[in-house]
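Spelled out, the chains give:
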Amino acid sequence: MDVGFLVFGLAGLLTLVCFMPPLAGRLKLPYSVLLAIVGCLLGIIVHVHGWAPSWIGDFLDSLERFEISSETFLMVFLPVLLFETALSMNVRRLMDDIGPILMMAIVAVVVCTVVVGVTLDAISPYGLVVCLLLGAIVATTDPVAVVGIFREVGAPKRLTTLVEGESLFNDAASIALYSVLLAVLGGHGELTASGIFNDFIVHFIGGGIAGFAMGRLACFLFAWLRGFPTAEITLTLTLAYLSFFISEHYLNVSGVVATVIAGLVVGSTGRTRMSPTTFEYLSSAWEQFGFWANSLIFLFAAMLIPKLMAAADWQELALVAVVFVATLVARAIVVFGLLPLLGLTRLGTKVSRPYKVVMLWGGLRGAVSLALALAVTEQTGVAEEARQFIAVATTSYVLLTLFINGISLRPLIRMLGLNQLSPVERTIRNQALAVALEDLQGKTEEVAKTEHIGTEVRERIRSVFDASLTSVHDGQVSQMTDDQRVAVGLAIVAQREEEMFFDILKAQIVDWRMAETLLARAERLEDAIRLGGIPGFERAIVADVRYSTGFRLALRLHYLFGFQGWLARELGQRFANLMSKRSVAQRLIVFAREQITPLLGEQATQRIVSLHQRRLDLIENAMQALNLQYPSYAQWLQESYLGRVAREMERIRYRDMLEQFLISGEVYADLMSQLKSRWAHIDKHPPLDIEMSAAELIKRVPLFEGLSADSLRAISKLLKPRLALPDQRVLTKGRHGEEMCFVASGAVAVHLPDHTMIELGSGEFFGELGLLGEQQIMPDVTSLGYSKLLMLSSRDFHALLARDEHLRERIQLVAKQRLRAIEVWKQFSQANAASVPAPAPVAAPSPAQAAEAAEAAGASPSPVAQASRDAQGARDAEVSRDTQGHHDAEAFRDTQALHDAQTSQEARAAAAPGDNDAPDSPALGAPGIVPR
């Protein structure tokens, strides 16, 4: 065929397609139905066009010479349709309903194939394999035909997601069954359930893995193409075709699944890897590609309908009616029988009855079914009667679904009320309308005054606003409960938060890695509000400051093998994430006060602000712990953040000057070059040095002062550095007797059995009693803030004491003091339990008593404790001379000090309960407690 006529025919078809959308709107017909009608007419006219003028005749001749094969449909049009649909889907919404989607995409295809095959085999002479093959062909649904109707009538987003998700994956299931059955029909295989199942699993899962790998590779390559939008969009187009072709012809897996997964990967993570403006252009570009592919594939497929239906007889058409009923029955079995059972499991979610009715009736078939039927007619190894039957039955069935289901689907959705807003949404709609109209009415009045517009015109325009405001009868948000208003407001703020994070990505204030994390957290927060309301938000903001999975793994490797590099990078990433979240959280509070108040009222806004203020406090607490431990890195982060903001404002300023023709393009390019050079230093991330060298940390422990250089080197080989996180349990009951710890920097809290708490700071140690065989008291120890510890195992502890006599004496002295305090505490507890029938209030201890008690338990001596001990010693000596004796006085003093310390700690715990809230397991997500 001449290339010129080929281009002429395609251009003519696209010109015809341009007028289809407005014509479908005027005729109140689904777009796919109109395309099918026009395609059938073209298929008839191309054979009888002797009456037409020469240029129309040449156009119809070019269409008649088009060699439309099934491979053209599957290789040229199908990848674009699949990728475009996947690219526009919200992956998180898809995963929320992944159970029902896979049920409809896989199980429904199998059920439809079996039901249609067995039914036709019982009443037709074509054989079971032919009937099953027809069932597999008609099992695939067309997303474009259904979703177009959903969008026209305003169907709920979840219903659209369910139908789109089903149509994305059921093509793969249908084509996999089709391939196996066609091979059996051609004599190249056997019909066994295990063979079909294994082949399907390999094709489906293998295609998913291949698509994911190629999608991630494309996202990596976007970094190389950053700044060239045309190249980035072209890469997505080639990805759609390459993922399909490579998977089908080289990997022998499902190209459909590979293309779908690749599109989902690019749609979910690609926007953070592309240049800021590319993703905005990408959606428009792929919407255009999808429009072309869908229109052409429907026209070409419909043009084949007259040819395929030419030899149809009444018996075959009667069987088509049976196929139509059988597919509805099969779909009803899945929708009303299996979906409720799936809802009882963790994979299932509840699907309402109106949704089920629309899903049952909305299984329209389209171009993919026609392409598979056309492929059967091209198989010479299949009997002529079987090919003719499959072609006629498929074509007729597709037309029935388009003209019966497609035309009646819109009225069905309206009858079920799925195109209507919920009462809450309607109230918010009316309130938003009232707020907007009142604001616009005032601005219109100002324009009228400025432009000196006449009074009569102004009155007419004012009457339009007044009539619209009057028509809003239920616009008062007082009809909603307080919790409903707050939940709606939180959802609005959550959506705004996601856009804010995307804005700071476009402004290059954060890189794509951080942007992916921030956007994922924002989406999870929005989902928590949508599913759990206010309690869901409260749980989500606590989870939001927890450490990531990567951080947990890095910390575990640090504990097991001493690796520090990954942990330092994760700490730096957490630092930067918290800073970005704090900035956005502050702006969200301002947004809520300014924008939510007119919409939902002052009371609801105050609760929303209060909830977000609590979230801001959690972020501030987590950041404060990091700031105290790593002040230099915190200062650099602030400098980098402010520098990136200044760079973006400078870039915007130069762009505005260029658009206002204040500077030329050459001057703009030079200014941008200088800007890049001026702010280059803020993109260089310095590593966060966690300083975990044992040789350096032991210098901070007073216990090791005065030891020889050889002894310090030997000790540094035995001690294992460890970073303890805020509120993390350092030494639990199960670890007593296995290791001891030295606090190099930071502080830890020792939780005693009598519910008191003692803080140990830099230079202190704990756990030595367990190593010395004392197992009577095994307190929990938690870290206050980020603490740098030195861990010593039991074996190394005894080896160290045997090697260094001076160090052994120091440790044994402290251990003896602590053991004496424990013994006195036990004696006092027993005596108190025997003599006091009921607990009585105890006077508040003096600071000296509390300090002395802390020293008795192992804390560092302080001047207050020293003065208290001297004074108390003099009093004890006097008591000893007059009444009892020196030892009794000493026991009384130690006992009273411990009792006073208990009272002091209980009073402090009552005043600040959050300090003593230790989680049952390492609380890697709890807010940091500032070391004291």
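Within an unreviewed UniProt entry, the label attached to the chain reads K(+)/H(+) antiporter NhaP2, and the organism entered is Achromobacter anxifer. One UniProt comment on the chain, placed under Subcellular location (unreviewed entry), says "Cell membrane".

Asker: Please provide a residue-by-residue account of the overall build of the chain, values included.
Answerer: Across its full length, the chain holds 36 helices and 6 strands. Residues classed as buried in the chain amount to 49% of the 932 residues present. In the chain, the proportion of contacts linking residues at least 24 apart, taken out of those at least 6 apart, comes to 80%. Carbon and sulfur atoms make up 60% of the accessible area of the chain, which amounts to about 43900 Å² in all.

Asker: Please give an account of the nonpolar core that cites residues and values.
Answerer: Nonpolar side chains in soluble globular proteins tend to end up buried together. Leu13, Leu63, Phe73, Phe169, Phe300 and Phe389 are the most contacted members of the largest nonpolar core, which totals 138 residues. Here the element with the most residues in this core is helix α10 (residues 157-185); it accounts for 14 residues. Lining this core are residues from two domains, each supplying at least three of them: domain 1 (3-65) and domain 2 (70-416). The residues touching Phe300, leaving out its near neighbours within four places in the chain, are Leu10, Leu13, Phe66, Ile68, Phe73 and Phe77. Counting residues in hydrophobic clusters, the runner-up holds 68 residues, among them Ile428, Val488, Ile534 and Leu616.

Asker: If you had to explain empty space enclosed by the protein to someone new, which residues and values would you point to?
Answerer: All told, the structure shown has 6 cavities of 30 Å³ or more when counted by the stated rule. Looking at the largest cavity, its volume works out to about 150 Å³. Contributing to the lining of the largest cavity are 13 residues, with Ile509, Met514, Ala576, Ser640 and Arg644 lying nearest its centre. Going through the elements one at a time, α25 (565-600) and α27 (631-659) are the ones with two or more residues in the lining of the largest cavity. Broken down by element, the lining of the largest cavity gets its largest block of residues, 5 residues, from α27. Per-class residue counts for the lining of the largest cavity are 8 nonpolar, 3 polar and 2 charged.

Asker: Talk me through the pattern of salt bridges; I want residue IDs and the actual numbers.
Answerer: Proximity of charged atoms lets side chains of opposite charge pair with each other. For the coordinates displayed, the defined rule picks out 18 salt bridges. A salt bridge links Glu459 to Arg462, with the shortest nitrogen-to-oxygen separation between them at 2.5 Å. With Glu459 and Arg462 both in helix α21 (residues 455-471) and 3 residues apart, the pair spans about one turn of that helix. One network of salt bridges, with partners in common, ties together Glu497, Arg521, Asp544, Lys581 and Arg615.

Asker: Got a sec to walk through the environment of Leu317? Specific residues and values, please.
Answerer: Its place among the elements puts Leu317 in helix α16 (residues 314-342). Accessibility expressed as a relative area gives 30% for Leu317, which makes it partly exposed. As a C-alpha pair, Leu317 and Ser396 span 79 residues in sequence and 7.5 Å in three-dimensional space. With near-sequence residues (within four places) excluded, Leu317 lies in contact with Met309 and Ser396.

Asker: Would you mind going over the pairing of strand β3 (residues 739-751) in detail, with residue names and values included?
Answerer: Most of β3 sits out of view: 13 of its 13 residues are buried. Where β3 meets strand β6 (residues 780-793), 11 bridges bridge the pair, whose relative direction is antiparallel. Paired with Val750 across the strands is Val781, a residue of β6. Note that β3 and strand β5 (residues 765-766) share 2 bridges and pair antiparallel. By the bridge assignment for β5, Phe742 is matched with Phe765. Here β3 folds back onto strand β4 (residues 757-760) in antiparallel fashion, the turn holding 5 residues, of which His755 has a positive phi close to 70 degrees.

Asker: Can you explain unusual backbone geometry? Please cite residues and give values.
Answerer: A positive phi angle is found at His452, which is not glycine, with a value near 55 degrees. Summarising the element assignment, His452 is placed in the loop between α20 (423-450) and α21. Phi at Phe661 takes a positive value of approximately 60 degrees, unusual for a residue other than glycine. Relative to the helices and strands, Phe661 resides in the loop between α27 and α28 (665-678).

Asker: Before we move on, can you summarise the packing of helix α2 (residues 20-27) against helix α3 (residues 31-45) with the specific residues and values?
Answerer: For the pair α2 and α3, the least separation of the axes is 9 Å and the interaxial angle reads 110 degrees. When the axis of α2 is compared with that of α3, the two are roughly perpendicular. Judged by residue contacts, Met20, Pro21, Leu23, Ala24 and Leu27 of α2 engage Tyr31, Leu34, Leu35 and Val38 from α3. A class-by-class count of the residues in the contact of α2 with α3 yields 9 nonpolar, no polar and no charged.

Asker: Report on the environment of Asp483, specifying residues and quantitative values.
Answerer: Relative to the assigned elements, Asp483 resides in helix α22 (residues 482-506). Take Asp483: its relative accessible area is 45%, and that puts it in the partly exposed class. Through-space distance from the C-alpha of Asp483 to that of Ala604 is 8.2 Å; in sequence the pair is 121 residues apart. Ignoring anything within four residues of it in the chain, the contact list for Asp483 reads Ile534 and Arg607.

Asker: Break down the pairing of strand β1 (residues 720-724) for me, with residues and values.
Answerer: Summarising burial for β1: 4 of the 5 residues are buried, a large majority. Sheet topology places β1 next to β6; 5 bridges connect them, and they run antiparallel. Among the inter-strand pairings, Pro721 is bridged to a residue of β6, identified as Leu790.

Asker: Describe a nonpolar patch on the surface, listing the residues and the values that go with them.
Answerer: Together, Leu41, Ile44, Ile45 and Val48 make up a nonpolar patch on the protein surface, roughly 340 Å² of accessible area in all. The residue Ile44 is located in helix α3 in this model.

Asker: Could you give an account of the packing of aromatic side chains, naming the residues involved and the relevant values?
Answerer: Summed over the entire model, instances satisfying the criterion amount to 17 aromatic pairs. Between the aromatic rings of Tyr126 and Phe389, the centroid separation amounts to 4.1 Å while the plane-to-plane angle is 10 degrees, which identifies the pairing as stacked. With Tyr126 in the loop between α7 (98-123) and α8 (128-138) and Phe389 in helix α19 (residues 384-415), this pair connects stretches of sequence that are 263 residues apart. On the basis of relative accessible area, Tyr126 is assigned to the buried category, the value being 19%.

Asker: Before we move on, could you go through helix α1 (residues 3-18) and cite the residues and values that matter?
Answerer: An ideal rise of 1.5 Å per residue puts 22 Å on 16 residues; α1 measures up with 23 Å between its terminal C-alpha atoms. Buried within α1 we find Gly9, Leu13 and Val17. The buried residues of α1 occupy an angular sector of 75 degrees when the element is viewed end-on, so they sit on one face. Opposite the buried face of α1, at more than 90 degrees from it, the exposed residues are Val3 and Cys18.

Asker: Help me get a handle on the side chain of Glu650, residues and values and all.
Answerer: Within the secondary structure, Glu650 sits in helix α27. By relative accessible area, which is 15% here, Glu650 ends up buried. Reaching out from Glu650, the side chain makes a polar contact with the side chain of Arg678 at a distance of 2.5 Å. Other than its neighbours up to four places away in sequence, Glu650 contacts Leu675, Arg678 and Trp679.

Asker: Can you explain α22? Please cite residues and give values.
Answerer: In a regular helix each residue adds 1.5 Å, so 25 residues correspond to 36 Å; α22 covers 36 Å between its end C-alpha atoms and thus fits that length. Directly after α22, the chain includes Gln508, whose backbone phi takes a positive value near 60 degrees.

Asker: How would you sum up the side chain of Thr113? Please name residues and give values.
Answerer: For Thr113, the position within the fold is in helix α7. A polar contact of 2.8 Å, which involves the side chain of Thr113, links it to the backbone oxygen of Val109. If we skip the residues at most four places from it in the chain, Thr113 touches Leu132, Gly135, Ala136, Ala139, Leu177 and Leu181.

Asker: Mind laying out the packing of α10 against helix α13 (residues 255-273), listing which residues take part and the relevant values?
Answerer: Contact geometry for α10 and α13: axes closest at 8 Å, N-to-C directions at 160 degrees. Here α10 lies roughly antiparallel to α13, going by the angle between them. Crossing geometry of α10 relative to α13 is assigned as left-handed. Residues Leu168, Phe169, Asp171, Ala172 and Ile175 of α10 pack against Val256, Val257, Val260, Ile261 and Leu264 of α13. A class-by-class count of the residues in the contact of α10 with α13 yields 9 nonpolar, no polar and 1 charged.

So, how was this worked out
The numbering scheme is per chain: residues are counted from 1 as the chain's sequence reads. Only residues with pLDDT of at least 70 are given local features in this predicted model, and only at 80 or more are side-chain atom pairs given and counted; all residues enter the totals for whole chains, interfaces and linings. Remark: hydrogens and water are excluded; side-chain values derive from all non-hydrogen atoms of the structure. UniProt positions are given in the numbering used here, feature names are shortened, and annotations may be inferred rather than shown by experiment. Only runs of H or I of at least four residues qualify as helices and only runs of E of at least two qualify as strands under DSSP, and these elements are numbered from the N terminus. The rule is simple: take the accessible area with a 1.4 Å probe, protein chains only, and divide by the maximum for that residue type; under 20% is buried, over 50% is exposed, in between is partly exposed. Contacts are residue-level and defined by heavy atoms, with any inter-residue pair within 4.5 Å sufficient. The Shrake-Rupley method, run with a 1.4 Å probe, gives the accessible areas here. Residue values count only the displayed protein chains as cover. Note on terminology: a nonpolar core comprises buried Ala, Val, Leu, Ile, Met, Phe, Trp, Tyr and Cys residues joined through side-chain atoms within 4.5 Å. Each domain's extent was defined by an automatic or database domain assignment. Cavities and pockets are defined on a 1 Å grid built over the protein atoms alone: a cavity is a set of grid points where a 1.4 Å probe fits but cannot escape, while a pocket is an open set with protein on both sides within 12 Å along at least five of seven lines, and lining residues are those with an atom within 4 Å of any such point. Grid points are joined across faces, edges and corners, and a volume is the space filled by probe spheres set on the points. Three classes are used: nonpolar for Ala, Val, Leu, Ile, Met, Phe, Trp, Tyr, Cys and Pro, charged for Asp, Glu, Lys and Arg, and polar for all others, with Gly counted as polar. A side-chain nitrogen of Lys or Arg and a carboxyl oxygen of Asp or Glu constitute a salt bridge if their distance falls within 4 Å. Two strands make a pair as long as DSSP finds a minimum of two bridges between them. In this description, a line fitted to the C-alpha atoms serves as the axis of each element, helices being fitted only across the stretch in contact, and the angle between N-to-C directions of two axes falls anywhere from 0 to 180 degrees. These descriptions rest on fixed angle ranges, namely under 35 degrees for roughly parallel, over 145 for roughly antiparallel, 65 to 115 for roughly perpendicular, and the rest for oblique. Patch membership requires over 30% relative accessible area and the absence of a salt bridge. Like charges are linked within 9 Å, and nonpolar side chains (Val, Leu, Ile, Met, Phe, Trp, Tyr) within 5 Å. When the centres of two rings from Phe, Tyr and Trp lie within 6.5 Å, Trp using its six-membered ring, the rings pair. Their planes under 30 degrees apart give stacked, over 60 give edge-to-face, and anything left gives tilted. Here the expected length of a helix is defined as 1.5 Å per residue gap, with one fewer gap than residues. For this quantity, the arc is that covered by the directions from the helix axis to the C-beta atoms. Polar contacts here mean pairs of N or O atoms no more than 3.5 Å apart (in protein, one a potential hydrogen donor and the other a potential acceptor; neighbouring residues in sequence count only if both atoms are side-chain atoms). Put simply, a crossing is left-handed when the front helix is turned counterclockwise from the back one by less than a right angle, and right-handed when it is turned clockwise.

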